[in-house]
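# A look at the structure
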Number of protein chains: 2
Amino acid sequence: MTENTVESVRRALDLLRELNRQRVSSVRHLHHATGLPKPTIVRMLDTFAALGYVVNDRRQGGYQVTSLVRSLSAGFHGDPLVVEAARPWAIAFTRKFQWPVAVAVLDRDAVAVRFSTIPDSPVSPFHVTINNRLKLMSRALGRAYIAFCPPNERNLLLRMLAMSDDPEDEAARDRDAALTLLAMVRRAGFADRSATVEPKSSSTIAVPVMLGRKVLATVGVTYFTSAIPKAEAIARYVPLLKEMAKNIQTSVVLLEQGGAPNDGAH
Amino acid sequence: MTENTVESVRRALDLLRELNRQRVSSVRHLHHATGLPKPTIVRMLDTFAALGYVVNDRRQGGYQVTSLVRSLSAGFHGDPLVVEAARPWAIAFTRKFQWPVAVAVLDRDAVAVRFSTIPDSPVSPFHVTINNRLKLMSRALGRAYIAFCPPNERNLLLRMLAMSDDPEDEAARDRDAALTLLAMVRRAGFADRSATVEPKSSSTIAVPVMLGRKVLATVGVTYFTSAIPKAEAIARYVPLLKEMAKNIQTSVVLLEQGGAPNDGAH
DNA sequence: TGTCGTCATTCCGCCTGACGGAACGACGAC
DNA sequence: GTCGTCGTTCCGTCAGGCGGAATGACGACA
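Residues numbered from 1 in each chain as written. Chains lettered and ligands numbered in written order. Predicted model: local features only at pLDDT ≥ 70, side-chain atom pairs only at ≥ 80, totals over all residues. Heavy atoms only, no water.

### A short note on the overall build of chain A
Looking only at helices and strands, one finds 8 helices and 8 strands in chain A. Radius of gyration (C-alpha) of chain A: 20 Å, near the 18 Å computed for a compact globule of 266 residues. Considered along the principal axes of its C-alpha atoms, chain A spans approximately 55 × 50 × 40 Å. Each of the 266 residues in chain A was classed as buried or not, and the buried ones make up 55%. Taken as a whole, chain A presents about 11,600 Å² of accessible surface, with 51% of it coming from carbon and sulfur. Between the centroid of the 34 positive side chains of chain A and the centroid of its 25 negative side chains there is a distance of 4 Å. (Helix = DSSP H or I, 4+ residues; strand = E, 2+ residues; numbered from the N terminus. Rg over C-alpha atoms; globule rule 2.2 N^0.38 Å. Buried < 20%, exposed > 50% of the residue type's maximum accessible area, 1.4 Å probe, protein only. Areas by Shrake-Rupley, 256 points an atom, 1.4 Å probe, with all protein chains shown as cover. Lys, Arg positive; Asp, Glu negative; His and termini not counted. Charge placed at Lys NZ, Arg CZ, Asp CG, Glu CD.)

Following this line, the structure appears as structure tokens:
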């Protein structure tokens, strides 16, 4: 890394980020994920625990972060309003249905996950994917964006993707086929993940959060393909996702107006 | 600190927490706040910057955290639903009126700040107070809680406070005087900070977020006493705080119902 | 333009703090 | 009771982190 930085601190922050990627982390998992020797990991974890950021509970299966970690990010509030508005709805969805929800916004030629309820989900072994950029043509959250955004924006995005050499953008090079695929997504009313990308053990269904003709964000639910057949997942969760997206849209409108729900002026 | 922890990591996390307490931090400020020598601070900051957590911009006046810090806390989602529901409303309030807003919930015999828009406020030199416990009889957010909660709960809290030897709990020892003070707060419809506690350069006005007869949370706005006279602050912001509290309450109801605003079933 | 004060940054000799392989303890499966 | 695996502890080693002093940058002021 760059000259004159503190290697112990780099290691500690890598470890802390990994701790935040699932609800509970074992020493074995952290060893695999970071490559650090276990004595080093335990020493770092003891340091986090002494400061209150982490607790260790063998009954829970390992180490987990505490509410104090919020003080390490409290100074950053740069998410769009739609992400803030989406948070409570996503949390409520996961509480009710157990599967984790992600909220993503456009980030250049992909969508970036800005909120995830993976840590809230009791059935999810998935990793928190905050800041992960998801491709527009292969990932559900991305496809939901590019399918439902205005045609001018879609054309621009397809031109950007056509110039990419990323294999996951390859679908954008055959423009007619891409437009046909996206038309199918619009007709279906939701997007799912391409069958050609990993992981195969799970799948994601996503819908857009619209404001007028604009896509503000996309929201998706991820589930194990072995736990529920795809057709059943679609039948059950697409209506619920659409309802949640509608609620998020309404929250955004109310927040921007500063008005009250059930306002007589409507 | 405890045996076998990593001192460099403890220092780094102290520094990172301080960086999160205001929008921009100078090396001088960080030196005063943490006691670390400046070369140590610069080396740590270079480490954070190399990893992407911090940027340095002399034009901005120093160092500030980036969106990546969210990955250091993304695994913790333990806030009550009312705090999640309150977040976007608090952010919208600060964008509109500039003064920072805090959201607090009961935490044993005090209220704890669970969300603050201090980093979003352009006029605020206040420090983010996430996790700070604020006393029930002397702080606005605390007083708003104990004044408006159900009588049984208030009696229990007053008994707990009467046994405390904290000077800020002293007002609870004269039960009749305490009840009189709290009755005045209820009549006024809002709480402010006791004139006997620091800092004197600022003040806070707070109101409860009610659900039925329960107080879910309290929300308050903090302002410079030199920038706006108290009477004017009250006249201007109390109605706005009440409106925001009402919106938060409605959001909580909708989230718990999973229903849509303007639902025809009403 | 030159000087001054203050802040940020760099240098580098020092030494102790962090390291990690080996060993040990705990625990569940068989 | 034995075994495998995971978590934890030990401790000799050495290089990583330290911080006072020096230097650079910059704005205020005459």
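Read on, since the account is not over.
### Let's talk about the protein's contact with DNA strand C
In the vicinity of DNA strand C, 20 residues are found, and the nearest of them are Arg-11 and Thr-40 of chain A together with Ser-8, Arg-28 and Tyr-63 of chain B. Restricting attention to atoms of DNA strand C within 4 Å of the protein, one finds that 74% of them are sugar or phosphate atoms. Here Arg-43 of chain A contributes a side-chain N or O atom positioned 3.0 Å from a phosphate oxygen of DNA strand C. Of all the secondary-structure elements, those providing two or more residues to the surface near DNA strand C are α1 (7-19) and α3 (38-51) of chain A together with α1 (7-19), α2 (27-34) and α3 (38-51) of chain B. Per-element accounting of the surface near DNA strand C gives the leading share, 4 residues, to α3 of chain A. Looking at side-chain class alone, the surface near DNA strand C contains 8 nonpolar, 6 polar and 6 charged residues. (Near = heavy atom within 4 Å. Polar contact = N/O pair within 3.5 Å; in protein donor to acceptor, adjacent residues only side chain to side chain. Nonpolar A, V, L, I, M, F, W, Y, C, P; charged D, E, K, R; others polar.)

### Comments concerning the relation of the copies chain A and chain B
Think of it as a corkscrew move, a rotation about one axis and a shift along it, taking one chain copy to the other. When chain A is fitted to chain B, the best match, at an RMSD of 0.1 Å, comes from turning it 179° and sliding it 0.0 Å along the axis. One copy is carried onto the other by what is essentially a two-fold rotation axis. When you check the interface residues of chain A against chain B, 100% turn up at the interface there too, and the contact is symmetric in its surfaces. (Least-squares fit on C-alpha atoms with pLDDT ≥ 70 in both. Contact = heavy atoms within 4.5 Å.)

### Re the protein's contact with DNA strand D
Near DNA strand D, the surroundings consist of 19 residues, among which Ser-8, Arg-28 and Tyr-63 of chain A together with Arg-11 and Thr-40 of chain B are the closest. For DNA strand D, the fraction of atoms within 4 Å of the protein that belong to sugar or phosphate moieties is 75%. Contact distances for DNA strand D include 3.1 Å between a phosphate oxygen and a backbone N or O atom of Glu-7 of chain A. Side-chain polar atom of Arg-43 of chain B to a phosphate oxygen of DNA strand D: 3.0 Å apart, as the coordinates give it. Of all the secondary structure elements, the ones that give two or more residues to the surface near DNA strand D are α1, α2 (27-34) and α3 of chain A together with α1 and α3 of chain B.

### Quick notes on the interface of chain A and chain B
Contacts between chain A and chain B engage 64 residues on the former and 64 residues on the latter. Between chain A and chain B, the buried area comes to about 6,000 Å², and carbon and sulfur atoms account for 63% of it. Our count for the chain A to chain B interface comes out at 2 salt bridges. At the junction of chain A and chain B, the tally comes to 13 residue pairs in polar contact (both at pLDDT 80 or more). Mapped by element, the contributors of at least two residues to the side of chain A that touches chain B are α1, α3, α4 (81-97), β4 (110-116) and α8 (230-257) of chain A. Element by element, the count of residues in the side of chain A that touches chain B is highest for α4 of chain A, at 9 residues. Residue composition of the side of chain A that touches chain B, grouped by class: 31 nonpolar, 21 polar and 12 charged. (Buried area = accessible area lost by both parts, 1.4 Å probe. Salt bridge = Lys/Arg side-chain N within 4 Å of Asp/Glu carboxyl O.)

### Some thoughts on α1 of chain A
Between its first and last C-alpha atoms α1 of chain A spans 18 Å; for 13 residues at 1.5 Å apiece the expected length is 18 Å, and the two agree. Taken as a whole, α1 of chain A has its buried residues at Val-9, Ala-12, Leu-13, Leu-15, Leu-16, Glu-18 and Leu-19 of chain A. At its buried positions, α1 of chain A is contacted by α2, α3, β1 (54-57) and β2 (62-65) of chain A together with α1 and α3 of chain B. (Expected span 1.5 Å × (residues − 1).)

### Topic: the pairing of strand β4 (residues 110-116) of chain B
Residue and element names in this part refer to chain B. Burial analysis of β4 places 7 of its 7 residues in the buried class, which makes it a mostly covered element. Here strand β3 (residues 101-107) pairs with β4 via 6 bridges, running antiparallel. Paired with Asp-107 across the two strands is Ala-110, which belongs to β4. (Pairing = 2+ DSSP bridges.)

### Let's talk about the nonpolar core
By size, the foremost hydrophobic cluster in this structure holds 69 residues, and its most contacted members are Val-82, Val-219 and Ile-248 of chain A together with Val-219 and Ile-248 of chain B. Once residues lying within four places of it in the same chain are set aside, the contact partners of Val-219 of chain B are Ala-102, Val-103, Leu-141, Ile-205, Ala-206, Val-207, Val-209, Leu-241, Met-244, Ala-245 and Ile-248 of chain B. Ile-41 and Met-44 of chain A together with Met-44 and Val-69 of chain B belong to the second largest nonpolar core, which has 40 residues in total. (Core = buried A, V, L, I, M, F, W, Y, C linked by side-chain atoms within 4.5 Å.)

### Points about the domain arrangement of chain A
Taken domain by domain, chain A consists of domain 1 (7-72) and domain 2 (81-257). When each unit is reduced to the centre of its C-alpha atoms, the spacing between domain 1 of chain A and domain 2 of chain A is 30 Å. (Domains from an automatic or database assignment.)

### A look at the sheet that holds strand β5 (residues 133-135) of chain A
Across the sheet, which stays open at both edges, the 6 strands sit in the order β5-β4-β3-β8-β7-β6 (chain A) with antiparallel pairing between neighbours. Bordering the open sheet on either side are β5 and β6 (191-192) of chain A, each of which pairs with just one other strand.

### Some thoughts on the packing of α2 of chain B against α3 of chain B
All names here are of chain B. Contact geometry of α2 with α3 gives a least axis separation of 10 Å together with a crossing angle of 110°. Between α2 and α3, the interaxial angle falls into the category roughly perpendicular. For the crossing formed where α2 meets α3, the hand is right-handed. Two secondary-structure elements touch here, α2 through Val-27, Arg-28, Leu-30, His-31 and Thr-34 and α3 through Lys-38, Ile-41, Val-42 and Leu-45. Across the contact of α2 with α3, the residue classes tally to 5 nonpolar, 2 polar and 2 charged. (Axes fitted to C-alpha atoms, helices over the stretch in contact; angles between N-to-C directions. Parallel < 35°, antiparallel > 145°, perpendicular 65-115°, else oblique. Left-handed = near helix turned anticlockwise from the far one by under 90°.)

### Structural notes on the sheet that holds strand β8 (residues 214-224) of chain B
Residues and elements named next belong to chain B. Read from one edge of the open sheet, 6 strands run β5-β4-β3-β8-β7-β6, paired in antiparallel fashion. Looking at strand neighbours, the two that pair on one side only are β5 (133-135) and β6 (191-192), the edges of this open sheet. The pairing of β4 with β5 spans 3 bridges and is classified as antiparallel. From the neighbouring strand, Val-111 faces β5, where its bridge partner is Leu-134. Along the sheet, helix α4 (residues 81-97) contacts β3, β4, β7 (202-211) and β8; its crossing angle with β3, the most-contacted strand, is approximately 160°. On top of the sheet, helix α8 (residues 230-257) reaches β3, β6, β7 and β8; it is set at about 30° to β7, its chief contact.

### Looking at the pattern of salt bridges
Residue and element names in this part refer to chain A. Summed over all chains, the structure comprises 30 salt bridges over all chains. The salt bridge partner of Arg-133 is Asp-107, with a shortest N-O separation of 3.0 Å. On the criterion of sequence distance, the pair formed by Arg-133 in strand β5 and Asp-107 in strand β3 (residues 101-107) is long-range, its members being 26 residues apart. Given the relative accessible area of 34%, Arg-133 is considered partly exposed. Here the salt bridges do not stand alone but share partners, grouping Glu-7, Arg-10, Arg-11, Asp-14 and Arg-17 into one network.

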